[in-house]
Amino acid sequence: MSEQEFPGWHGTTIIGVRKGGQVVIAGDGQVSLGQTVIKGTARKVRRLSPGGYDVVCGFAGSTADAFTLLERLESKLEKTPGQLQRASVELAKDWRTDKYLQKLEAMLIVSDGKELYVITGAGDVLEPEHDVTAIGSGGNYALAAARALMDTDLSAEDIARRAMAIAADICVYTNGNLTVETIGT
């Protein structure tokens, strides 16, 4: 089937906001196939607890690919408990060099309440400059909205929720059905 015949899966916005000693990762619930919403209640934000250390993850991209990456991240975290940066770098190295993993189409936002990273298939582990990061089809809308709200008195969760609402109003691949996980220091 050609690329034009199969429109592909779309639809995710994930945001991570760090403010006031807390990190919030929020994600919408929409999954679309072409112009059709297939599901509006998908859960794309998860809490992992490998080795007794909580980590919150949000993913954008292919669900099966994202779950493969989450399993790999959890394995890395079990080998290096409490060391999110090291586990993230190890996952990114594997993702970049392993022929099987190179084909995975997903991105992750991860946090342990102190650190906040975006992990990409290009081998990147990126820490946001302004304590806000976002991925997915509505990611740029959510990112811009959250950055504008960071200088207010709003909490990290309120910023994430408002930014996601703005993204849902603009991006047709994003809805307002949120999963929100908070983790703090």
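Remember, it's a predicted structure, so these values are computed and weren't measured experimentally.

### Some thoughts on the sheet that holds strand β8 (residues 106-111)
1) Next: Spatial ordering of the open sheet is given by β6-β7-β8-β9-β10, a layout of 5 strands whose pairing is antiparallel. Looking at strand neighbours, the two that pair on one side only are β6 (45-48) and β10 (125-126), the edges of this open sheet.
2) Next: Pairing of β6 with strand β7 (residues 55-61) involves 4 bridges; the strand directions are antiparallel. The partner of Val45 across the bridge, within β7, is Gly58.
3) Next: Packing against the sheet, helix α1 (residues 63-79) makes contact with β6, β7 and β8, and its axis sits at approximately 155° to β7.
4) Next: Of the strands in this sheet, β7, β8, β9 (116-119) and β10 touch helix α2 (residues 84-97), which is tilted by about 5° from β9.

### Thoughts on the pattern of salt bridges
1) Next: Evaluation of the coordinates by the stated rule reveals 9 salt bridges.
2) Next: Across the salt bridge formed by Glu127 and Arg18, the nearest N and O atoms sit 3.5 Å from each other. Pair noted here: Glu127 is in the loop between β10 and β11 (132-136) and Arg18 is in strand β2 (residues 13-19), with a separation of 109 residues, a long-range link.
3) Next: Assessed through its relative accessible area of 15%, Arg18 is described here as buried.
4) Next: Taking the shortest distance from any N to any O, the salt bridge between Lys76 and Asp94 comes out at 2.5 Å.

Parameters at a glance
- Residues numbered from 1 in each chain as written.
- Predicted model: local features only at pLDDT ≥ 70, side-chain atom pairs only at ≥ 80, totals over all residues.
- Heavy atoms only, no water.
- Pairing = 2+ DSSP bridges.
- Helix = DSSP H or I, 4+ residues; strand = E, 2+ residues; numbered from the N terminus.
- Contact = heavy atoms within 4.5 Å.
- Axes fitted to C-alpha atoms, helices over the stretch in contact; angles between N-to-C directions.
- Salt bridge = Lys/Arg side-chain N within 4 Å of Asp/Glu carboxyl O.
- Buried < 20%, exposed > 50% of the residue type's maximum accessible area, 1.4 Å probe, protein only.

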